[in-house]
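Residue-level structure breakdown
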Amino acid sequence: MKNLKKYLFLLLLFFNFLYSETLVIENSNNEIRSLDKYLTYNKNDFPIETIIHENFRKFNIHDNSNFKFSQNIYWLKLEINNKSSNPQLFRIDNFLIDELNLYFFKDSKLIKRYQNGIKYNYICEFSDYNKYAYEIPKGESTLYIKIDSSFSLLIPMHIVSKEEFYKQRDFENIFNSSFYAALFLMFFYNFFIFLVSKVKIYKYYLGYIIGVFGFLFFYDGYLTYLLFSSTPILNEFLSCVFFIITFISIAKFSSNLFQSRRNAFVLYRILMLISICILPLVSIIGFFIALLDASFLYLIQKYLLLCTILITLLIISIAIRYLIITEEKISKIYAFIWTIFMVVTLTFIVNIVLGFIDTNLMTKILKVNILLEIVMMSLLIAYRLKLSNEKNLKLKIKNKEQELYILRQTRLASFGEVLNSIVHEWKQPLHRINMISLNLETTYNKKNLTKEYLSNQLNEIELQTKYMNDTVTQFLDYFSPQKNKEEFYLIDCAKKAIKLLDIKFNKNSVNHLINCKNTKIKTVGYKKEYIQVIIILLNNSMDAIIKEKIKNPTITLEIIEERHKAIFSVIDNAGGIKVKPIEKIFDANISTKDEKINSGIGLFIAKRIIEDNMNKKLICKNHGNGAKFSIIG
């Protein structure tokens, strides 16, 4: 119970810090004698003449946890003693203030007045993309600052020389230009990898880069200063869109990278809920509220920051968990890199609220961290993709070798069928030759052998041996390799396949029909391989008929043409295919027969031959009281 109270206290303390704002003032070579704060309630817009007579509350210059944000207008009072001979500037590093008024008084007289902020379209004496700067009068003066903003009021203020201001501005412009150029190049690097590889994780990474580019382009003031200076609500909307894109992409990328659906399912569910549902919902609600009353915009910004802090903490937890459980060195490296990046991101987000680190320094750290992370992660993912491609290539080669081995085995099985047919075809002529030899011997013994009779018998033997030679030549031609595609008639393929399997048809009493109304239907491909596929389909149908003990078994070879495409179908009446889904019949490990008789590899090879070698289509479906296999193309 005590631990629960302790955690509850820490949580409340965290929320207290989250809803506090920071004022940081740096003073070099000049004296700020005192800093006072006063706030007006209920948006009462008191004039400066009234404010100078109000009682301001004194507080420590370095106090950076008491500048709480609300819908109030803040007034700050600074006593400044400018003793420098060089021009000095009072710089404010927050360009997102709706209204910023500065009044310099000397001896109770107003000597300088500045009006800035979004509603004044960034009119400023010394301009920069995301800073305001104003010249400080010589000697002692009192500065009153009026701040009215719907954005988070982290307001770092500095007193710098004019020369130092321009140096800092030039350095930041060079730094930012280099950063955005590098980010731009890394985007296209990852984009081209995505186009080549089509790996889904790159899609989320590209979204992350776009989101980071857009949000920081807004955060640095370029978006507002260059494009939409007169439409602050549009700036807020675009920054919100980029912010959401960034964290949704980061969440999806992290989930895929670290396989959080499998390794950290609960954290994954919470991460997806916050990033894909809550974060966009809060943004949409906030945008519509802002259209009605912009003064409530700060609440939405607070909740968005809270959501992103939770998202970042969840991603850090998932990355650390993956870092611990994974054994692969490369995976450990990118888990470590991503963890460091998310820790820096979390520090940046919290610093927006609490301001414990100089915002300019923290922004530069974040940008350098982003570039290093993008470069390192891009190289690591590309290397991982290369390893994966090599592994897939080896697997494809292995599968190809296995397919070739299976194809050889299938051809050997077909060769067995053909050899059986050769034996059957040779039986009759061998028997005839044997009978002729006996007749010649008998006739010779009886002394009735004439020259004419001998010549006739020798001619008969020659005819029989020629028939046997033609039969062998025909089957050898079937097994010889074919390199070039050719145009051939499908009716010829049907007749050839039936002839090669004639013995099996007769032995099992299977009827076969050829249904072809147009004998001129032809296709382009490898004729011998096409015939081999037909043999596989016929064997498959006959095996099914034998297994099911079908009465009046019939196999029909149908040849038709539809939409200028030839279709060759093998139709049986063996009861149909029981496998579901039916397309799995073509898988290498699926068979409808006894494994001792058939492994099911024939249909797998048939599909590979037709679809990979000849760019045609082999499909199957149940048809009537049997199955129908069709070669389309």
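Conventions and cut-offs
Residues numbered from 1 in each chain as written. Predicted model: local features only at pLDDT ≥ 70, side-chain atom pairs only at ≥ 80, totals over all residues. Heavy atoms only, no water. Buried < 20%, exposed > 50% of the residue type's maximum accessible area, 1.4 Å probe, protein only. Helix = DSSP H or I, 4+ residues; strand = E, 2+ residues; numbered from the N terminus. Pairing = 2+ DSSP bridges. Contact = heavy atoms within 4.5 Å. Axes fitted to C-alpha atoms, helices over the stretch in contact; angles between N-to-C directions. Parallel < 35°, antiparallel > 145°, perpendicular 65-115°, else oblique. Left-handed = near helix turned anticlockwise from the far one by under 90°. Nonpolar A, V, L, I, M, F, W, Y, C, P; charged D, E, K, R; others polar. Patch = residues over 30% accessible without salt bridge, like charges linked within 9 Å, V, L, I, M, F, W, Y side chains within 5 Å. Areas by Shrake-Rupley, 256 points an atom, 1.4 Å probe, with all protein chains shown as cover. Salt bridge = Lys/Arg side-chain N within 4 Å of Asp/Glu carboxyl O. Lys, Arg positive; Asp, Glu negative; His and termini not counted. Charge placed at Lys NZ, Arg CZ, Asp CG, Glu CD. Core = buried A, V, L, I, M, F, W, Y, C linked by side-chain atoms within 4.5 Å. Expected span 1.5 Å × (residues − 1). Phe/Tyr/Trp six-rings, centres within 6.5 Å; stacked < 30°, edge-to-face > 60°. pLDDT = per-residue confidence, 0-100.

Let us now look at the pairing of strand E14 (residues 522-525). Burial of E14 is one-sided: the residues Thr 523 and Gly 525 facing one way are buried, the residues Lys 522 and Val 524 facing the other way are not. Here strand E12 (residues 486-489) runs beside E14; their pairing, made up of four bridges, is antiparallel. Residue pairing in the sheet places Glu 487 in a bridge with Val 524 of E14.

Here we come to unusual backbone geometry. Cis geometry marks the peptide bond from Lys 580 to Pro 581; its omega dihedral reads -10°. Of note, Pro 581 is situated in the loop between strand E16 (565-572) and helix H16 (601-613). You will see that Ser 108, though not glycine, has its phi angle at about 65°, which is positive. With a phi angle near 50°, Lys 549 is a residue other than glycine that sits in the positive phi range. By the element assignment, Lys 549 lies in the loop between helix H15 (527-548) and strand E15 (554-562).

A few words now on the side chain of Ser 569. Within the secondary structure layout, Ser 569 lies in strand E16. The exposure class assigned to Ser 569 is buried, which follows from its relative accessible area of 1%. Here Ser 569 is in contact with Thr 556, Leu 557, Glu 558, Lys 628, Phe 629 and Ser 630, once residues within four sequence places are set aside.

What follows covers the packing of helix H13 (residues 490-500) against H15. The axes of two packed helices give the description: the angle between them and the distance between them. The N-to-C vectors of H13 and H15 enclose an angle of 55°; their axes lie 9 Å apart at closest approach. With respect to their mutual orientation, H13 and H15 come out oblique. Crossing geometry of H13 relative to H15 is assigned as right-handed. Counting all contacts with H13, which are made through Leu 490, Asp 492, Cys 493, Lys 496, Ala 497 and Leu 500, the residues of H15 involved are Lys 527, Tyr 530, Ile 531, Ile 534, Ile 535 and Leu 538. The class makeup of the residues in the contact of H13 with H15 is nine nonpolar, no polar and three charged.

Okay, a positive patch on the surface next. A cluster of basic residues, Lys 200, Lys 203, Arg 261 and Arg 269, forms a positive patch at the surface. With respect to the helices, strands and loops of the structure, Arg 269 is situated in helix H8 (residues 265-292).

This part takes up the packing of helix H3 (residues 162-197) against helix H4 (residues 200-219). Across the interface, H3 lies against H4 with an axial gap of 9 Å and an inter-helix angle of 160°. For the element pair H3 / H4, the angle class is roughly antiparallel. The two elements H3 and H4 cross, and the hand of that crossing is left-handed. Residues Phe 179, Tyr 180, Leu 183, Met 186, Phe 187, Asn 190, Phe 191, Ile 193, Phe 194 and Ser 197 of H3 pack against Tyr 202, Lys 203, Tyr 205, Leu 206, Ile 209, Ile 210, Val 212, Phe 213, Leu 216 and Phe 217 of H4.

Counting residues in each nonpolar core, the largest one holds 69 residues, and the members touching the most others are Tyr 208, Leu 216, Phe 253, Phe 258, Trp 338 and Ile 370. Breaking this core down by element, the ones donating at least two residues are H3, H4, helix H6 (232-257), H8, helix H9 (297-325), helix H10 (329-354) and helix H11 (359-445). Element by element, the count of residues in this core is highest for H10, at 13 residues. Leu 216 has contacts with Phe 179, Tyr 180, Leu 366, Lys 367 and Ile 370, leaving out every residue within four places of it along the chain.

Here we come to H13. Most of H13 is tucked away: eight of the eleven residues are buried. Taken together, the buried positions of H13 are Leu 490, Ile 491, Cys 493, Ala 494, Lys 496, Ala 497, Ile 498 and Leu 500.

If you trace the five strands from one edge of the open sheet to the other, you get E13-E15-E16-E18-E17, paired in mixed fashion. Bordering the open sheet on either side are strand E13 (511-516) and strand E17 (617-623), each of which pairs with just one other strand. Here the average twist between neighbouring strands, direction ignored, is 15°. Where E17 and strand E18 (residues 626-632) come together, seven bridges link them in antiparallel fashion. Across the sheet, residue Cys 620 finds its bridge partner in E18, namely Phe 629. Against the sheet, H13 touches E13, E15 and E16, its axis set at about 175° to E13.

Take H15 next. In this model H15 runs 32 Å from its N-terminal to its C-terminal C-alpha over 22 residues, within 8% of the 32 Å that 1.5 Å per residue would give. The first or second residue beyond H15 is Lys 549, which carries a positive phi of 50°.

A separate point is a nonpolar patch on the surface. A cluster of nonpolar side chains, Phe 184, Phe 188, Phe 192, Leu 195 and Val 196, forms an exposed patch at the surface whose accessible area comes to about 510 Å². In this fold, Phe 184 is placed in helix H3.

Here we come to the packing of aromatic side chains. Evaluation of the coordinates by the stated rule reveals 30 aromatic pairs. Aromatic pair Phe 187 and Phe 191: ring centres 6.0 Å apart, planes at 10°, arrangement stacked. Residue Phe 187 and its partner Phe 191 are located together in helix H3, separated by four residues, close to a single helical turn. Owing to a relative accessible area of 28%, Phe 191 belongs among the partly exposed residues under this scheme. Ring geometry for Phe 215 versus Phe 243: centroids 5.1 Å apart, planes at 50°, classification tilted.

Secondary-structure assignment places Tyr 114 in strand E7 (residues 109-116). In this structure Tyr 114 comes out as buried when scored by relative accessible area, which is 11%.

We now examine the confidence of the model for the chain. For the chain, the mean per-residue pLDDT works out to 76, and 74% of the residues sit at or above 70. Taken element by element, the chain is modelled with least confidence in helix H1 (residues 2-18), mean pLDDT 45, and with most confidence in E16, mean pLDDT 91. When the criterion is pLDDT under 50, residues 26-31 qualifies, and its contacts beyond four places in sequence or with other chains add up to 17 contacts.

Should the charged atoms of two oppositely charged side chains come close, the side chains can pair. Scanning all chains against the criterion turns up five salt bridges. Of the charged contacts, one joins Glu 163 and Lys 167 as a salt bridge, the two residues approaching to 3.6 Å between their closest N and O atoms. Of this pair, Glu 163 and Lys 167 both sit in helix H3, four residues apart, roughly one helical turn. A single burial state applies to Glu 163 and to Lys 167, both of which are exposed. The shortest N-O distance in the salt bridge between Glu 611 and Lys 607 comes to 2.7 Å. Residue Glu 611 and its partner Lys 607 are located together in helix H16, separated by four residues, close to a single helical turn. You can call Glu 611 buried: its relative accessible area is 16%.

Here Ser 249 is to be found in helix H6. Classification of Ser 249 as buried rests on a relative accessible area of 8%. Every residue in contact with Ser 249, bar those within four places of it in the chain, is listed here: Tyr 204, Gly 207 and Tyr 208.

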